[in-house]
Amino acid sequence: MEKKNSCAGAGFSTILWGVLAILVVALMGSGCAGLMKPRIHRVTEDVFFVEVEEFTLTNAKVQELDNASGGKVVVLQDDTSRAEATVQLSKGNYQVTVYALGPSSEEDAFYLTAGEQWEERLWPTWTGEILPAPDVSLTQQADGPCKIVIRFAEPNVQLDRVEFKRVP
Ligand SMILES: [Ca+2]
């Protein structure tokens, strides 16, 4: 009887550890879980883009803009604002480019984190029209999801799309 009891005890704790392990994995994965997976718009074999308006948005406003890709842009409202998404990437090297409109030089900066890279403060090359910000290099170690986060730096920046270009 005692042996049986200890066996049953072991079985129960195994189940408990199993449940704990599942919880831990779920928590670790929650960095990407639940984020929007925007549609991939392929331009060439090595280039595609995603619309920022299809990201998971926190304290951000979607606006219509005629010459924007998809006819829409996202404006982050304040320093709590962010636009986040998970993009499925094949293993390899990429240049990530955010296209945005900054109305003025005091209203054009944002922060970008692409995958495991450091967060970078970026702004489009000129004001008043939708233009690319400088490329950020990204290495995807294995086929799988890559998290993209754009954070508020300055007001009224109109974020249009994020382009991925495969590079050697
Ligand atoms: Ca757009």
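Structural data are supplied above this passage.
Residues numbered from 1 in each chain as written. Predicted model: local features only at pLDDT ≥ 70, side-chain atom pairs only at ≥ 80, totals over all residues.

Visitor: When you look at the environment of Q77 in this model, what are you seeing that I'm missing?
Guide: With respect to the element layout, Q77 can be found in the loop between β5 (72–76) and β6 (82–89). In this structure Q77 comes out as partly exposed when scored by C-beta crowding, with 14 C-beta atoms within 10 Å. Contact partners of Q77, with chain neighbours within four places excluded, come to N59, A60 and K61. (Helix = DSSP H or I, 4+ residues; strand = E, 2+ residues; numbered from the N terminus. Buried ≥ 20, exposed ≤ 12 C-beta atoms within 10 Å, placed from the backbone. Contact = placed C-beta atoms within 7 Å.)

Visitor: In this structure, what is going on with unusual backbone geometry? I would like to understand it.
Guide: Working note: non-glycine residues mostly have negative phi, and peptide bonds are mostly trans. In this model, N59 sits at a positive phi of 55°, which is unusual for a non-glycine residue. Structurally, N59 is set in the loop between β3 (56–58) and β4 (60–64). By the C-beta count within 10 Å, which is 13 here, N59 ends up partly exposed. A positive phi angle, near 70°, is found at N156, a position not held by glycine. Relative to the elements of secondary structure, N156 occurs in the loop between β12 (144–152) and β13 (158–167). For N156, a count of 14 C-beta atoms within 10 Å translates into the label partly exposed.

Visitor: Got a minute to help me understand the nonpolar core in this structure?
Guide: The tendency in soluble globular proteins is for nonpolar side chains to be buried as a group. Membership of the largest hydrophobic core comes to 36 residues, with the highest contact counts inside it found for V74, L76, A83, V98, A100, F110 and L159. Looking at this core, the elements with two or more residues in it are β2 (47–51), β5, β6, β7 (92–101), β8 (110–114), β12 and β13. Among the elements that take part in this core, β7 stands out by supplying 6 residues, more than any other. Residues in contact with V98, not counting those within four places in the same chain, are L112, L122, A133, I150, L159 and V162. (Core = buried A, V, L, I, M, F, W, Y, C linked by C-beta atoms within 7 Å.)

Interpretation in functional terms is not warranted from these geometric data alone.
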